[in-house]
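# A closer look at the structure
Residue strings, one per chain:
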Amino acid sequence: MSEEPVVMTHNLQKIFKDFWRRPRARAVDGINLTLHKGEVYGLLGPNGSGKSTTIKVLLGLLHPDGGEVKVLGKPPRNVDVKRRVGYLPEESYLYPYLDARETLRFYATLFGLQGTSREKRIDELLEMVGLSHTGHRRVGEFSKGMARRIGLAQALINDPDLVILDEPTSGLDPLGTRQVKDIVTALAEKGKTVLLSSHLLADVEDVCERITILYGGKVQASGPIRDLLQVANHLQIRLKDLDETQRTHLLDTLEQQLGQRPTLEPTRKDLESFFLEVVAQARRESGEGSGTRAEGKLAGFLTEKKSESKGQSLDTNPAASSDI
Amino acid sequence: MKYPGSFFPLARLTCVEIPRQPALLLLSTTLILFIGCLPFLITHNLGEAGKLVRDSALAMMFLGSLLLAVPAACNAVSTEIRRGTAGAILSKPVSRIRFLAAKFTGVSMIMLVFSGMASLAILMADRASALDFQVGWRYLIPLYLAIVGAYLIASVINFMTRRPFASTAFWCMAILILVAFTWTGIRSETPHEEGAHEPQVIEHAGHTHAAPQPHVEVPIRWSLLPACALITLAALMLQALALLCALKLGVVPSLSVSFGFFMMGLMSDYLLASRAAESLWAKILYFALPNWQHFWMADALTGGGQIPWMYVASAALYALTWTTGILVIAFGIFDRMEVC
C-alpha cells in the first residue's frame, strides 16, 4: 500500500523499571505493527501480554525504551496527533461526580467543540450508545456496561481518524456487545482506522480483518484473520433443504468418488445470534425495558462525508477537520 | 494547532469536581460554623474577648485552609493519576503543563472561595465579639441563617432538579454568606457615637454586669482583611507543594510530607536562622523553606494595630516566587513522567 500507515511501530520495546531504575519487567519486546486507513485491527493476548502497554505507548502516555513509533505520521506525544485519535481506556476512567452529558461536554471542549454543534454531537452520541435517557445521571452511579458506553461515546466525540478501543465489550451484555461491534464495523466503513484490543476472541473474529497475537510482550502470530484461522486440508460444503434420500445419495456418491465417507452435521447458530433473536422477540412482545436503548447505529456526525464536515469545521468545529 | 481553550475546561472541571465531594462541604461548614460560634464561646472571658476571638478565628482559617488545600491538591493530581482520569485526559490534545497548571488553578479558585467565606465569617464574628460580656447576635444570626439557608436551598434544588447537593450547598453558602455580610454591613451604615465600643458596666450587689446596649453598632474591622489575605497566600503555597508531592506519592504520603514541610517552615527561624551564618546547607534550607511566620500576623492587630497592604504585597511577591519555583519543578517532573 502506498499510503502512509496510520499506525507504525518498529521493534517497539518497553521495559518497566523499579524505584532504582533497574529493569523489572519487559512488557513489550520488539513489536512491529502497521495499521492502514479504514482497517479494523485486533490486538489479542492474555492478561499481561503487553496489549495495554502498547496502546499507552501509541497514545504517548508511556515512553518507549527502544524502537520507533509513529501515529498518523508523527510521534505519539504530538498534541496535534491526539486531536485525531479517539481512545476508550480499558477501565472507564470517568469523573464520578459528573453526569453523562457533562462528561461528554467536558471532553468535547478539550477538542475545541463549542455551542450547538457540540450539543448536537452529544445528543447523537448519547442516542448512539443508548444513554439519552440517563444524560443527567452521575456516571459514578453507572453500571460497568453503562460506563463502557459513555466511554465509547467520549472516544468518538472528536470524530477521530484513529479509534483505539481497549477491551470495548468488557462488562457489556450481549446486546451491547453486538452494538459495539456494529459501531466498529460502521466506523471502518466510513474510513476510520480502528485498533481493538481484547481477549474476547469472538468479538475480534467478528470485526477484525487483521490481528496480532501477543504473549510475553512478543508477537506470536500476525496476519489476516482468515489466513490465520484456516485449517489446512479441511473443506466444508454447505447445503440446505436436503431430504433423507438426497442425503443418503450424496454420501454414497462422495464415498464412491473419494474413498471415504464424509460426516453430516446440521448447521447451528452461534449463541450470540440466538440470544439476540430471543431478546428482539421479547422486545417486540413486551416493549422497551428500563436499561440502555440503542440500535448500534452510528451517530450522524460520524457518517457525514469529510468534505462536508470540513466546510463546517473551519470556523466552528476544529475537531472534525482531519486528514491523514 | 493547539487549543489554549483546553486550560479553561480543565480548570473549570476541577472547580466543578472538588465541591461535589462531600468532604469539602462538611469541612468548610464546620470551620465557618466554628468561627461563627467563637464569640459566644469566648464571650465570658475576663477581658480581651475580641482579641481571643480574632486570634482563634484566624487560626481556624489557617488550619482550615491547610486542611482543604493540601487534600484538594493531592486529590486533583494523585487520585487522578491513580484513577486513570489523568491518562484519559492526556490522551486528548492537552499538554501536560497545561493539565497541571489547570489543576492548580482550579484548586486555587476553590481555595479563594473558601478563604472569602472564612474572611467574611471572621469579620462578622469580630463584630459580634467587639463588646465585652455581650454577644452581638445581630451579626451572628445572619451568618447562621446563611449556612442553614444554603443547606435548605440545596436540598430543594436537589429534590426538584437532581443537581448535586454538596456542590450546590457549597456555592449557595458562598453567596448567602456574602449576602449576610452585606446585609449586616448596610445595617451598620448608621453613624455611631464615639465610645460606643466601651461596655457600660454596672455594679449591683457586689457583682459586675454589662449594661444592655441594644442599638450599639460596631464598625467592620477591615484591618482583619490583610491578615486573611496572608493566610490565603500561605495556603496557596502549601497547595503548590502538595501538588508537587502528589505527582510521585499517594494522597497520604503527600499529606504527610506537606504537613512536615509546614511544621519545618514554622520552626525554620528557631532551627535554621542561627545556623545559617555558619553552614551553607542551613542557609540554603533556610531560604528554600517557606517561612510561615511571615504569613501569621494576628499579633500585629493587637491594640488597634494595622498590617500595611504594602506588607501583604511583598508577602504576595514572596509567595508567588516560591510557588512558581515549586510549580516549575512540578512541570519538569510531570512532563517526563509516565502516566498509566
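Residues numbered from 1 in each chain as written. Chains lettered and ligands numbered in written order. Predicted model: local features only at pLDDT ≥ 70, side-chain atom pairs only at ≥ 80, totals over all residues. Heavy atoms only, no water.

## Topic: the overall build of chain A
From N to C terminus, chain A includes 12 helices and 9 strands. Within the span of chain A, comprising 324 residues, buried residues form 46% of the whole. If you sum the accessible surface of chain A, you get close to 16800 Å²; carbon and sulfur atoms cover 50% of it. (Helix = DSSP H or I, 4+ residues; strand = E, 2+ residues; numbered from the N terminus. Buried < 20%, exposed > 50% of the residue type's maximum accessible area, 1.4 Å probe, protein only. Areas by Shrake-Rupley, 256 points an atom, 1.4 Å probe, with all protein chains shown as cover.)

## As for the overall build of chain B
Secondary structure assignment for chain B yields 12 helices and 2 strands. By residue count, 53% of the 340 residues in chain B fall in the buried class. Taking all contacts inside chain B whose residues are at least 6 apart in sequence as the whole, residues at least 24 apart take part in 80%. As displayed, chain B has an accessible area near 15600 Å², and 70% of this comes from carbon and sulfur atoms. (Contact = heavy atoms within 4.5 Å.)

## Some words on the side chain of T134 of chain A
Residue and element names in this part refer to chain A. Its location among the elements puts T134 in the loop between α4 (115-128) and α5 (144-155). Under the relative-accessibility criterion, T134 is labelled buried at 8%. When neighbours within four sequence positions are excluded, T134 is seen to be in contact with A100, F142 and M146.

## Here's the deal with the environment of I32 of chain B
Residues and elements named next belong to chain B. Counting through the fold element by element, I32 comes out in helix α2 (residues 22-42). Sequence-wise, I32 and I147 are 115 residues apart; in three dimensions their C-alpha atoms are separated by 8.7 Å. Excluding residues within four positions of it along the chain, I32 makes contact with M117, A118, A121, L143, I147 and I177.

## A few points about the sheet that holds strand β1 (residues 7-17) of chain A
Sheet strands associate in pairs through backbone hydrogen bonding, adopting either a parallel or an antiparallel arrangement. Residue and element names in this part refer to chain A. Strand order in the open sheet formed by 3 strands is β2-β1-β4, and the pairing between neighbours is antiparallel. Of all strands in the sheet, those with a lone pairing partner are β2 (23-35) and β4 (66-71), marking the two edges. Direction aside, the axes of adjacent strands within the sheet are offset by 30° on average. Of the strand pairs in this sheet, β1 and β4 are connected by 5 bridges, and their pairing is antiparallel. Pairing of M8 across the sheet is with K70, part of β4. Its contacts with the sheet put helix α1 (residues 51-58) on β1, β2 and β4, and the angle it makes with β1 is roughly 115°. (Pairing = 2+ DSSP bridges. Axes fitted to C-alpha atoms, helices over the stretch in contact; angles between N-to-C directions.)

## What to know about the sheet that holds strand β5 (residues 85-88) of chain A
Residue and element names in this part refer to chain A. Overall, mixed pairing links the 6 strands, which are arranged β5-β6-β7-β3-β8-β9 in an open sheet. The open sheet is flanked by β5 and β9 (218-224), the only strands paired with a single partner. Strand-to-strand twist in this sheet, taken as the mean axis angle between neighbours without regard to direction, amounts to 15°. As paired strands, β5 and strand β6 (residues 162-166) are joined by 4 bridges and run parallel to one another. When the bridges of β6 are listed, L88 appears paired with L165. Strand contacts of α5: β5 and β6, with the helix running at about 170° to β5, the strand carrying the most contacts.

## As for the packing of helix α3 (residues 49-83) of chain B against helix α5 (residues 96-128) of chain B
All names here are of chain B. Close contact between α3 and α5 brings their axes to 10 Å; oriented N to C, the two are set at 160°. In terms of axis orientation, α3 runs roughly antiparallel to α5. Every pair of crossing elements has a handedness; the one defined by α3 and α5 is right-handed. Taken together, the residues of the contact of α3 with α5 sort by class into 18 nonpolar, 4 polar and 4 charged. (Parallel < 35°, antiparallel > 145°, perpendicular 65-115°, else oblique. Left-handed = near helix turned anticlockwise from the far one by under 90°. Nonpolar A, V, L, I, M, F, W, Y, C, P; charged D, E, K, R; others polar.)

## So, empty space enclosed by the protein
All names here are of chain B. In total, this model carries 5 cavities of 30 Å³ or more according to the counting rule given. Approximately 80 Å³ is the volume attributed to the largest cavity. If you list the elements that add at least two residues to the lining of the largest cavity, you get α1 (7-20) and α3. Among the elements that take part in the lining of the largest cavity, α3 stands out by supplying 5 residues, more than any other. Broken down by class, the residue content of the lining of the largest cavity amounts to 2 nonpolar, 4 polar and 4 charged. (1 Å grid on protein atoms, 1.4 Å probe; cavity = no way out; pocket = protein on both sides within 12 Å on 5 of 7 lines; lining within 4 Å. Points joined across faces, edges and corners; volume = space filled by probe spheres on them.)

## A word on the domain arrangement of chain A
Residue and element names in this part refer to chain A. Domain parsing of chain A yields domain 1 (7-234) and domain 2 (235-285). Once you take the C-alpha centre of each, domain 1 and domain 2 turn out to be 37 Å apart. With 7 residues of domain 1 at the interface, the matching set in domain 2 holds 7 residues. Between domain 1 and domain 2 lies a buried interface of about 570 Å² when both sides are counted; carbon and sulfur atoms form 66% of it. The largest share of the area that domain 1 buries against domain 2 comes from P174, L175 and H234, three residues that together contribute 73% of it. Across the domain 1-domain 2 interface, the total number found is 0 salt bridges. Taken together, the links from domain 1 to domain 2 amount to 0 residue pairs in polar contact (both at pLDDT 80 or more). Sort the elements by how many residues they give to the side of domain 1 that touches domain 2 and helix α6 (residues 174-189) lands first, with 4 residues. In terms of residue class, the side of domain 1 that touches domain 2 is built from 2 nonpolar, 2 polar and 3 charged. (Domains from an automatic or database assignment. Buried area = accessible area lost by both parts, 1.4 Å probe. Salt bridge = Lys/Arg side-chain N within 4 Å of Asp/Glu carboxyl O. Polar contact = N/O pair within 3.5 Å; in protein donor to acceptor, adjacent residues only side chain to side chain.)

## What about helix α8 (residues 224-248) of chain B?
For α8 of chain B, with 25 residues, the first-to-last C-alpha span of 38 Å sits near the 36 Å given by 1.5 Å per residue. Along α8 of chain B, 22 of the 25 residues are buried, which leaves the element largely enclosed by surrounding structure. (Expected span 1.5 Å × (residues − 1).)

## Some details on the interface of chain B and chain A
Of the residues lining the interface, 33 residues belong to chain B; the matching set on chain A comes to 33 residues. Viewed at the interface, chain A and chain B are joined by 3 salt bridges. Of the charged contacts, one joins E102 of chain A and R20 of chain B as a salt bridge, the two residues approaching to 2.9 Å between their closest N and O atoms. One can count 12 residue pairs in polar contact (both at pLDDT 80 or more) joining chain B with chain A. Elements supplying a minimum of two residues to the side of chain B that touches chain A: α1, α3, α4 (85-90), α5 and α12 (309-336) of chain B. Here the side of chain B that touches chain A takes 6 residues from α1 of chain B, the largest share from any one element. A per-class count over the side of chain B that touches chain A returns 15 nonpolar, 7 polar and 11 charged.

## Looking at the packing of α5 of chain B against helix α6 (residues 137-161) of chain B
Packed helices, taken two at a time, are described by their axes: the angle between them and the distance between them. Residues and elements named next belong to chain B. In contact at an axis separation of 7 Å, α5 and α6 are set at 150° when each is read in the N-to-C sense. It follows from the interaxial angle that α5 and α6 lie roughly antiparallel. Residues A121, M124, A125, R127 and A128 of α5 touch α6, and the partners they reach there are Y139, L140 and L143. Here the contact of α5 with α6 is built from residues that sort into 7 nonpolar, no polar and 1 charged.

## Considerations on a nonpolar patch on the surface
On the surface, F34, F40, L41, W137, I141 and L145 of chain B cluster together into a nonpolar patch covering about 580 Å² of accessible area. Put simply, the parts of the chain that give the nonpolar patch at least two residues each are α2 and α6 of chain B. (Patch = residues over 30% accessible without salt bridge, like charges linked within 9 Å, V, L, I, M, F, W, Y side chains within 5 Å.)

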